[in-house]
Amino acid sequence: MSFTVPHTELARLEAQVQAALRTTDDSALDVLGYGEVSLVLRLRTDQGAFACKRLPVFPDRGRFERYQEGLDEYLRRLSGSGVNVAETKVWHTHHPSGGITAYCLQRELPSQRLCSRLLHTEGETWAKDFFSRFLDQVDGAVDPALGLDAQATNWVEVDGELIYLDVTTPLMRDARGRERLDVRLFFSSLPWFLRDAVRLSMTKSIFDKFYETRGVLLDFLGNLHKERLDALIPAFLEQANARLAKPITAEEVAAYYRGDARMWELIQRLRQADRFWHRRIRRRTYPFLLPPPVDR
Ligand SMILES: Nc1ncnc2c1ncn2[C@@H]1O[C@H](COP(=O)(O)OP(=O)(O)OP(=O)(O)O)[C@@H](O)[C@H]1O
Ligand SMILES: [Mg+2]
């Protein structure tokens, strides 16, 4: 069911977010979910509730327009290769700094239908059936120019259909294998002393895995550790390996997860430190909403 963007309500939400950043008190915000990168806020309106994903502030219109074109192309290409993507629209407004604030907007889908939740609440039969449909979608979509961040928290099942949610960071590469995303902007929540180092040395290795089926599956399986769903790994490995030229082992999944968890933990800790520096030492507004620490 298609929707129109609720402009007035979004303007009010953005005012609330700016107040929260200014006062460092985010208790008035209605949080729908936490990702590694962003907070997802709920917005209730007369046409139903929405999930609102705030993007980093774009310094000028050109960079915002490039993002919007990239996102639209990403949504088209995913749908074209058989992934059901949640309908996503972008709303934007002018930011006091002179830049542009924007949100990705989706209808709020039922949180009890999030696949990471269903893997806890449904039985093994559902889990295996889910994973086989999941493998079809991943395998049909992922290629060296089109990536997918396919963790279980990025899918919901509604009316028997898998729907993909996590599109705010479009994963597309050009013919020379370079990220088409404005990586510099999307890494702007990293402390300045890390930004260049990370951009240069880590971008490729952070993103590589999303562009091949085996990497996407390794990431999915590794994250089952974080979701306390380790018990499902052996059955899923068997299903996955039936399709892979080079099988994945349980040890590889565990080692991958330890490495990935350490990286995100480090990034989160540096961000908290950077926020402290902004607020307490320089007495300036820290411009991002951060998720709370994750228990890994
Ligand atoms: N349309 C939606 N309806 C209900 N809940 C949602 C919706 N979109 C996102 N969420 C919740 O918010 C969480 C994070 O959303 P999403 O995966 O889109 O962002 P993210 O993981 O922060 O993105 P990134 O990978 O860029 O960090 C989801 O796992 C889910 O719990
Ligand atoms: Mg996500």
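Quick word on the overall build of the protein chain
Secondary structure assignment for the protein chain yields ten helices and seven strands. A globule of 296 residues ought to have a C-alpha radius of gyration of about 19 Å, and the protein chain, at 19 Å, matches this closely. When its C-alpha atoms are laid out on the principal axes, the protein chain stretches across 55 × 45 × 40 Å. Burial analysis of the protein chain (296 residues in total) assigns 49% to the buried set. Taken as a whole, the protein chain presents about 14700 Å² of accessible surface, with 52% of it coming from carbon and sulfur.

Some details on the coordination of the magnesium ion (ligand 2)
Ideal values for angles at a metal depend on the geometry: 109.5 degrees with four tetrahedral donors, 90 or 180 degrees with six octahedral donors. Summarising the metal site, the magnesium ion (ligand 2) is bound by the protein donors N154 (OD1) and D166 (OD), whose distances to it range over 2.2 to 2.4 Å. In this pair, N154 is assigned in the loop between α4 (124-141) and β6 (155-158) and D166 in the loop between β7 (161-164) and α5 (183-186), connecting sequence segments twelve residues apart. Of the residues examined, N154 reaches a relative accessible area of 8% and is grouped as buried.

So, the nonpolar core
Judged by nonpolar contacts, the single largest core of 64 residues is most densely connected at L119, F134, L148 and F220. A per-element tally of this core places α4 first, with eight residues. Ignoring anything within four residues of it in the chain, the contact list for F134 reads A150, W155, L162, L217 and F220. If you look at the next biggest cluster of nonpolar residues, it comprises 17 residues, including V17, L39, L41 and Y103.

What to know about the pairing of strand β4 (residues 89-94)
Direction of pairing for β4 relative to strand β5 (residues 100-107): antiparallel, over a ladder of six bridges. Bridge assignment links T93 to a residue of β5, and that residue is T101. Taking the residues between adjacent antiparallel strands as the criterion, β4 and β5 are bridged by five residues, where G98 takes a positive phi near 100 degrees.

Some words on the pattern of salt bridges
Under the defined criterion, the tally for this structure stands at 17 salt bridges. With a shortest N-O distance of 2.6 Å, R113 and E157 are connected by a salt bridge. Here the residue R113 occupies a position in the loop between β5 and α3 (115-121), and E157 occupies one in strand β6, the gap between them amounting to 44 residues. Taking the shortest distance from any N to any O, the salt bridge between D129 and R133 comes out at 3.2 Å.

So, the site of ligand 1
Contacts to ligand 1 come from 21 residues, most closely from S38, K53, L109, T153 and D166. Take R107: an N or O atom from its main chain is 3.0 Å from a nitrogen atom of ligand 1. L109 is positioned with one of its backbone polar atoms (N or O) 2.8 Å from a nitrogen atom of ligand 1. Across the complex, the protein chains shield 92% of the 620 Å² of accessible surface that ligand 1 would expose by itself. For the shell around ligand 1, the secondary-structure elements that each account for two or more residues are β1 (31-34), β3 (48-54) and β5.

What about a nonpolar patch on the surface?
Together, F276, W277 and I281 make up an exposed nonpolar region whose accessible area comes to about 320 Å². Examined against the element boundaries, F276 turns out to sit in helix α10 (residues 250-281). Judged by its relative accessible area of 47%, F276 falls in the partly exposed class.

Describing the packing of α4 against helix α8 (residues 213-226)
Relative orientation of the contacting elements α4 and α8 amounts to 145 degrees, with a least axis distance of 10 Å. For the pair α4 and α8, the crossing hand works out as right-handed. Touching F130, F131, F134, L135, V138 and D139 of α4 are T213, V216, L217, F220 and L221, all from α8. Tallied by class, residues from the contact of α4 with α8 come to nine nonpolar, one polar and one charged.

Cut-offs used in this document
Residues numbered from 1 in each chain as written. Chains lettered and ligands numbered in written order. Predicted model: local features only at pLDDT ≥ 70, side-chain atom pairs only at ≥ 80, totals over all residues. Heavy atoms only, no water. Helix = DSSP H or I, 4+ residues; strand = E, 2+ residues; numbered from the N terminus. Rg over C-alpha atoms; globule rule 2.2 N^0.38 Å. Buried < 20%, exposed > 50% of the residue type's maximum accessible area, 1.4 Å probe, protein only. Areas by Shrake-Rupley, 256 points an atom, 1.4 Å probe, with all protein chains shown as cover. Donors = N, O, S within 2.8 Å, 3.2 Å for Na, K, Ca; no water. Core = buried A, V, L, I, M, F, W, Y, C linked by side-chain atoms within 4.5 Å. Contact = heavy atoms within 4.5 Å. Pairing = 2+ DSSP bridges. Salt bridge = Lys/Arg side-chain N within 4 Å of Asp/Glu carboxyl O. Near = heavy atom within 4 Å. Polar contact = N/O pair within 3.5 Å; in protein donor to acceptor, adjacent residues only side chain to side chain. Patch = residues over 30% accessible without salt bridge, like charges linked within 9 Å, V, L, I, M, F, W, Y side chains within 5 Å. Axes fitted to C-alpha atoms, helices over the stretch in contact; angles between N-to-C directions. Left-handed = near helix turned anticlockwise from the far one by under 90°. Nonpolar A, V, L, I, M, F, W, Y, C, P; charged D, E, K, R; others polar.

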